[in-house]
Amino acid sequence: MKEKKTMSLAAQIFIALVAAIIAGLLLQPQAAFANSYIKPFGTIFLNLLKFIVVPIVLFSIMCGIISMQDIRKVGSVGLKTVVYYLCTTAFAIIVGLIGGNLFKGLFPAIATTELSYEAAAPTPFMDTLVNIFPSNIVSPLVNANMLQIIVMALLIGFSIILIGPKNEKIIEGITTLNDVFMKCMEMILKLSPIGVFCLLCPVVASNGPQIIGSLAMVLLTAYICYIVHSLVVYSTAVKTMGGMSPAKFFKEMLPAIIFAFSSASSVGTLPINLECTEKLGVDREISSFVLPLGATINMDGTAIYQGVCAIFIASCYGINLTLPQMMTIVLTATLASIGTAGVPGAGMVMLAMVLASVGLPVEGIALVAGVDRIFDMGRTVVNITGDASCCVIVNRLEKKREGKI
Ligand code: ASP
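Residues numbered from 1 in each chain as written. Predicted model: local features only at pLDDT ≥ 70, side-chain atom pairs only at ≥ 80, totals over all residues. Heavy atoms only, no water.

**Some thoughts on the overall build of the protein chain**
Scanning the protein chain from N- to C-terminus turns up 17 helices and zero strands. Against the 2.2 N^0.38 benchmark of 22 Å for 405 residues, the protein chain shows a C-alpha radius of gyration of 21 Å, consistent with a compact globule. Projected onto the principal axes, the alpha-carbon positions of the protein chain cover approximately 70 × 60 × 45 Å. For the protein chain, the proportion of its 405 residues judged to be buried stands at 51%. (Helix = DSSP H or I, 4+ residues; strand = E, 2+ residues; numbered from the N terminus. Rg over C-alpha atoms; globule rule 2.2 N^0.38 Å. Buried < 20%, exposed > 50% of the residue type's maximum accessible area, 1.4 Å probe, protein only.)

**Things to note about the packing of helix H13 (residues 300–316) against helix H17 (residues 372–401)**
Two measures define how a pair of helices packs: the angle their axes make with one another and the distance between the axes. In contact at an axis separation of 6 Å, H13 and H17 are set at 135° when each is read in the N-to-C sense. The angle between H13 and H17 falls in the class oblique. For the pair H13 and H17, contact is made by Asp300, Gly301, Thr302, Tyr305 and Cys309 and by Asp372, Phe375, Arg379, Val382 and Asn383, respectively. Residues of the contact of H13 with H17, tallied by class, amount to four nonpolar, three polar and three charged. (Axes fitted to C-alpha atoms, helices over the stretch in contact; angles between N-to-C directions. Parallel < 35°, antiparallel > 145°, perpendicular 65-115°, else oblique. Contact = heavy atoms within 4.5 Å. Nonpolar A, V, L, I, M, F, W, Y, C, P; charged D, E, K, R; others polar.)

**Looking at the site of the ligand**
In the neighbourhood of the ligand, 17 residues make up the surrounding shell, with Ser266, Thr302, Gly347, Asp376 and Arg379 lying closest. In the model, an oxygen atom of the ligand is placed 3.2 Å from a nitrogen or oxygen of the Gly342 main chain. Note that a nitrogen atom of the ligand is positioned 3.2 Å from one of the side-chain N or O atoms of Thr380. When the free accessible area of the ligand is taken as 270 Å², the share hidden by the protein chains comes to 100%. Those elements that place two or more of their residues in the shell around the ligand are helix H15 (346–357) and H17. Examining the composition of the shell around the ligand, we find that four residues originate from one element, H17, more than from any other. Within the shell around the ligand, the residues separate by chemical class into six nonpolar, nine polar and two charged. (Near = heavy atom within 4 Å. Polar contact = N/O pair within 3.5 Å; in protein donor to acceptor, adjacent residues only side chain to side chain. Areas by Shrake-Rupley, 256 points an atom, 1.4 Å probe, with all protein chains shown as cover.)

**Points about helix H11 (residues 266–279)**
Helix length check: H11 (14 residues) gives 19 Å between terminal C-alpha atoms against 20 Å at 1.5 Å per residue, within 8%. Most pronounced at Ile272, the bend in H11 amounts to some 40°. By the burial criterion, the buried members of H11 are Ser266, Val267, Gly268, Thr269, Leu270, Pro271, Ile272, Asn273, Leu274, Cys276 and Thr277. (Expected span 1.5 Å × (residues − 1). Bend = angle between axes of the 7 residues up to and from the residue.)

**Quick word on the side chain of Ser192**
Assignment of secondary structure puts Ser192 in helix H8 (residues 192–207). Its relative accessible area of 0% is what places Ser192 among the buried residues. When neighbours within four sequence positions are excluded, Ser192 is seen to be in contact with Leu9, Ile13, Phe45, Phe259 and Ile272.

**Details of the nonpolar core**
In a soluble, globular protein the nonpolar side chains are often hidden away together inside. Membership of the largest hydrophobic core comes to 129 residues, with the highest contact counts inside it found for Phe249, Met253, Phe289, Phe312 and Phe375. Sort the elements by how many residues they give to this core and helix H2 (residues 31–68) lands first, with 19 residues. With sequence-adjacent residues up to four places away left out, Phe375 is seen in contact with Val218, Leu219, Ala222, Tyr223, Tyr226, Tyr305, Cys309 and Val368. (Core = buried A, V, L, I, M, F, W, Y, C linked by side-chain atoms within 4.5 Å.)

**A short note on the packing of aromatic side chains**
Applying the stated criterion across every chain yields a total of seven aromatic pairs. Ring geometry for Phe33 versus Tyr37: centroids 5.5 Å apart, planes at 40°, classification tilted. Residue Phe33 and its partner Tyr37 are located together in helix H2, separated by four residues, close to a single helical turn. Measuring from centroid to centroid gives 5.6 Å for Phe107 and Phe312, while their planes differ by 85°, and the two rings are edge-to-face. You can see Phe107 sitting in the loop between helix H3 (71–103) and helix H4 (125–131) and its partner Phe312 sitting in helix H13, a full 205 residues away along the chain. Considered together, Phe107 and Phe312 belong to a single accessibility category, that of buried residues. Seen from the ring of Tyr305, Arg379 lies directly overhead, with NZ or CZ sitting 4.1 Å from the centre. (Phe/Tyr/Trp six-rings, centres within 6.5 Å; stacked < 30°, edge-to-face > 60°. Lys NZ or Arg CZ within 6 Å of the ring centre and 35° of its normal.)

**Some details on the environment of Phe181**
Examined against the element boundaries, Phe181 turns out to sit in helix H7 (residues 168–190). Owing to a relative accessible area of 19%, Phe181 belongs among the buried residues under this scheme. A C-alpha to C-alpha distance of 29 Å links Phe181 and Lys248, two positions 67 residues apart in sequence. Here Phe181 is in contact with Ile52, Pro55, Ile56 and Phe59, once residues within four sequence places are set aside.

**What to know about the side chain of Glu285**
Locating Glu285 in the fold gives a position in helix H12 (residues 284–297). When its relative accessible area of 19% is taken as the criterion, Glu285 is described as buried. Among the polar contacts made by the side chain of Glu285, one reaches the side chain of Lys73 at a distance of 2.6 Å. Those residues within four positions of Glu285 in sequence are excluded, and the remaining contacts are Gly64, Ser67, Met68 and Lys73.

**What about the packing of helix H1 (residues 9–26) against H8?**
The N-to-C vectors of H1 and H8 enclose an angle of 25°; their axes lie 8 Å apart at closest approach. As summarised for this structure, H1 and H8 are arranged roughly parallel, according to the angle between their axes. Handedness of the H1/H8 crossing: right-handed. When H1 is examined against H8, the residues Leu9, Gln12, Ile13, Ala16, Leu17, Ala19, Ala20, Ile21, Ala23, Gly24 and Leu25 are found in contact with a partner set consisting of Ser192, Pro193, Val196, Phe197, Leu200, Cys201, Val204 and Ala205. By residue class, the composition of the contact of H1 with H8 is 16 nonpolar, three polar and no charged. (Left-handed = near helix turned anticlockwise from the far one by under 90°.)

**Concerning the confidence of the model for the protein chain**
Looking at the protein chain as a whole, its pLDDT mean stands at 88, while 95% of the residues score no less than 70. Element-level pLDDT for the protein chain is lowest in H4, with a mean of 79, against a maximum mean of 96 in helix H9 (residues 216–240). (pLDDT = per-residue confidence, 0-100.)

**Brief notes about unusual backbone geometry**
One non-glycine residue, Ala144, lies in the positive phi region at around 50°. On the secondary structure map, Ala144 appears in the loop between helix H5 (139–142) and helix H6 (146–162). Although it is not a glycine, Ala264 sits at a positive phi angle of roughly 55°. Mapped onto the fold, Ala264 is located in the loop between helix H10 (246–263) and H11. Under the relative-accessibility criterion, Ala264 is labelled buried at 1%.

Below, the structure written as structure tokens:
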């Protein structure tokens, strides 16, 4: 019997994206309907992703470590990953600051007299550091605290390697559990075209094109910087260090990019990103370590957004940022992007920390809050593309180190 040919998931997601925009525009007069009856299905889909993400991060990082067998290899992969993540993030803020300064003259001058924004009290740096380390084994899983889950996975993974030959059964158990959750994820991902449609359609219906309005130039600046950063930094890195054509890289990444754009969640995109990097030829042992880490700590798009918004907010208050202030922004935005959770809207909350570090009024966030979702869709795309580029590069460098290529 001839096998039924099905459309690829990427094509299905793309069709869902276009359909969501069209349906959203048509449903504009009935935005309430879209929010009450379409959005909940998107929420169901996001809930399923959140449900699967905790076991996936835990087990995939553990499996990544176990399959590397050797603590030195984990150290080598970990070091390369963290260095790449930090350098690209610092570069991203510089791109954001340069873009912001270049287009500053075109930014609207919005009156700041009546602004009010309740920023949550920023957590002191030392507290953030302390909070990375879990004080019990269940709470990181219950609260989906990704940084704590990573620490847990690292500790348990290392211990499994260190107990030596006794570890056979536990390795088998963890690998099987990882397979089970991967299967579960595969089933959830089959729903992604519906998920994408139901998430995006209400956003378009309730915001429509007019929301862009006066902030069009700021949004455009952020998007130009997102594109420039992705095309310049990731293409160059993938080509030179990863030995891969950028065209191939972006082509295979398309499903993850579209998904990140509509869901605005790096963590939610993790399962699709794992599949895309597999298609790019990255070993699972590398991607299952590098990607969950990246979805938690590597946020280049968020960093760009923070740079552009800092310049915009400063210009609305008639403040000209000095070079030392900009350098402070590079530092704080790098740290802020590590602390940003890979969920919708998290980057805006962390913007408060960046603004406070250079004495800009935190209420200024109110200027951009209305269109945050639009900023967020683009920055999430950059965030996950950065993670994948790291995967390709670390994969190649490790193969070279081991003399396999
Ligand atoms: N939504 C972004 C992400 O998931 C984080 C942010 O808000 O900047 O990557």
